[in-house]
Amino acid sequence: MTTSDPTSFSAEEYFATQPPPPTLEHDISGVRDFVARQAKEGRKVVLVTSGGTTVPLELNVVRFLDNFSAGTRGATSAEYFLKAGYAVIFMHRQFSLQPYSRHYSHSTNPFLDFLEIEPSADGTISPPAICVTRNMRQDLLEVLTAYKSVHAAETLHTMTFVTVNDYLWLLRAVTQELCVLGKKSMYYLAAAVSDFFLPRQKMSEHKIQSGKGSLHIEMDQVPKILKPMVVEWTKGEGFIVSFKLETDGQLLVPKARAALDRYGHQVVIGNDLHRRKFEVVFVSRKSLPPLPPGVEPEPLPEQELEDPISTTFVETWIRIPVPTSSPNPATNQVKEIEEDIVAELVRRHERWVEEAR
Ligand code: PAZ
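The present account deals with the structure reproduced in this document. Quick caveat: nothing in here was measured; it's all calculated off a predicted structure. (Residues numbered from 1 in each chain as written. Predicted model: local features only at pLDDT ≥ 70, side-chain atom pairs only at ≥ 80, totals over all residues. Heavy atoms only, no water.)

## As for the sheet that holds strand 8 (residues 185–189)
Spatial ordering of the open sheet is given by 7-4-1-8-11-12-13-14, a layout of 8 strands whose pairing is mixed. Here the strands that pair on one side only, and so sit at the sheet edges, are strand 7 (156–161) and strand 14 (313–319). For this sheet the average axis-to-axis angle between neighbouring strands, irrespective of direction, equals 15°. By the bridge criterion, 4 bridges tie strand 12 (residues 267–272) to strand 13 (residues 279–285) in an arrangement that is antiparallel. Counterpart to Ile269 in the pairing with strand 13 is Phe282. Helix-sheet contacts for helix 5 (residues 164–178) involve strand 1 (45–50), strand 4 (87–93), strand 7 and strand 8, and the interaxial angle to strand 1 is about 175°. Running at roughly 180° to strand 11 (residues 239–246), helix 6 (residues 226–233) makes contact with strand 8 and strand 11 of the sheet. (Pairing = 2+ DSSP bridges. Helix = DSSP H or I, 4+ residues; strand = E, 2+ residues; numbered from the N terminus. Axes fitted to C-alpha atoms, helices over the stretch in contact; angles between N-to-C directions. Contact = heavy atoms within 4.5 Å.)

## Some thoughts on the pattern of salt bridges
Tallied over the entire structure, the rule returns 17 salt bridges. A salt bridge links Arg102 to Glu336, with the shortest nitrogen-to-oxygen separation between them at 2.7 Å. Placement of the pair is Arg102 in the loop between strand 4 and strand 5 (115–118) and Glu336 in the loop between strand 14 and helix 10 (337–356), with a sequence separation of 234 residues. Across the pair, exposure class does not vary: Arg102 and Glu336 are buried alike. It is possible to trace a salt-bridge network through shared partners that takes in Glu79, Arg102 and Glu336. (Salt bridge = Lys/Arg side-chain N within 4 Å of Asp/Glu carboxyl O. Buried < 20%, exposed > 50% of the residue type's maximum accessible area, 1.4 Å probe, protein only.)

## What about the packing of aromatic side chains?
Applying the stated criterion across every chain yields a total of 13 aromatic pairs. With centroids separated by 5.3 Å and ring planes inclined at 80°, the aromatic side chains of Phe81 and Tyr188 adopt a geometry described as edge-to-face. Here Tyr188 lies in strand 8 and Phe81 lies in helix 3 (residues 72–83), a separation of 107 residues in the sequence. Residue Phe81 is classed as buried on the basis of its relative accessible area of 0%. The exposure class of Tyr188 is buried, given its relative accessible area of 0%. (Phe/Tyr/Trp six-rings, centres within 6.5 Å; stacked < 30°, edge-to-face > 60°.)

## Quick word on the side chain of Asn271
Residue position: Asn271 is located in strand 12. Classification of Asn271 by relative accessible area gives buried; the value is 6%. Setting aside anything within four residues of it in sequence, one finds Asn271 in contact with Arg73, Phe243, Lys244, Leu245, Glu246, Leu252, Arg276, Glu279 and Val280.

## Brief notes about the site of the ligand
Not every one of the 15 residues close to the ligand is listed here, only the nearest: Ser69, Gly71, Arg73, Ala190 and Asn271. Ser69 places a side-chain nitrogen or oxygen 2.6 Å from an oxygen atom of the ligand. Within the contact set of the ligand, an oxygen atom lies 3.0 Å away from a backbone nitrogen or oxygen of Ala70. At the level of secondary structure, the elements contributing two or more residues to the shell around the ligand comprise helix 3 and strand 11. (Near = heavy atom within 4 Å. Polar contact = N/O pair within 3.5 Å; in protein donor to acceptor, adjacent residues only side chain to side chain.)

## Structural notes on the nonpolar core
Ile89, Met91 and Leu171 are the most contacted members of the largest nonpolar core, which totals 53 residues. Looking at which element gives the most residues to this core, the answer is helix 5, with 9 residues. Core analysis: the second largest hydrophobic core is formed by 38 residues, Val150, Tyr188, Val241 and Phe278 among them. (Core = buried A, V, L, I, M, F, W, Y, C linked by side-chain atoms within 4.5 Å.)

In short, the description is geometric, and any link to function would need to be established separately.
Next comes the structure, spelled out in structure tokens:
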């Protein structure tokens, strides 16, 4: 497949021509209340986006293009942010993984498999009692305890999107609500967002019919929203972390640097499709300590002058051991890379807030 000179929408043009999802107002009033409550409690709030977006091909949608993502990164990270004391707005693809319930995904760890029907003392199962298999109890207790305490504290707010259009409208509106927290807000953009879409004006109303040979669809480019997000929606106040997914590992660092250079946000986390569960790279701008008054900066060494971009950015790799066999959920508590990703971001966010004081 090739891409040829796709029509490019600016963010402004996009929102002027593509309709908002019908539930936007309602969704946003929920976010507004949530943010106001967290502000009163003095909590930091992170927006976590998670899962893939779809691109419908018809208005009465039968077919759509989808983006790869199970929502593991977002759902897992949300749990670690909650553990670190953040309130979380979890904006995820409908039916993708969610914090806490992800541990019992129907496909990898179906919860019915570790429930048992307990016979009564006389050997019958009347009245039936249900209990959790002994070797699963400790894990379940930990997950359930965290889940219940987050519910009681009301620090998790979830909302869903399906299409890339839902995602863009929600992202803008949530960001505009969250920006009232200024530096206390973080944006963790782990969703896998389509780069191409079919504008409403070009979509077929009804199911595209077959029988006329091959199908040609020309898609437009989804607007690059990070720049307006940094400059206009958050007014430069939010700590913004974007993700870059590549299948050619060689592209990760250069593309992450280019994104930082172009959009001016704080961190790009690069991940290779096949290594993403045990290796990521943080790319950020080098922060130089301020020089004392009257001191001139040292001239750059010659080779750095030739490659100014390598002097501007810094890469930090996070790695965890590669799992050797698939873990037994009952016995093997494997390390999750999101624990280290979130710990590093919490540290950087704290420092960033401090530096701004
Ligand atoms: O959801 P998941 O755990 O299966 O995958 C996570 C991910 C690879 C989608 C995420 O880490 C990521 O890179 N998101 C941004 C993708 C992009 O470049 O649009």
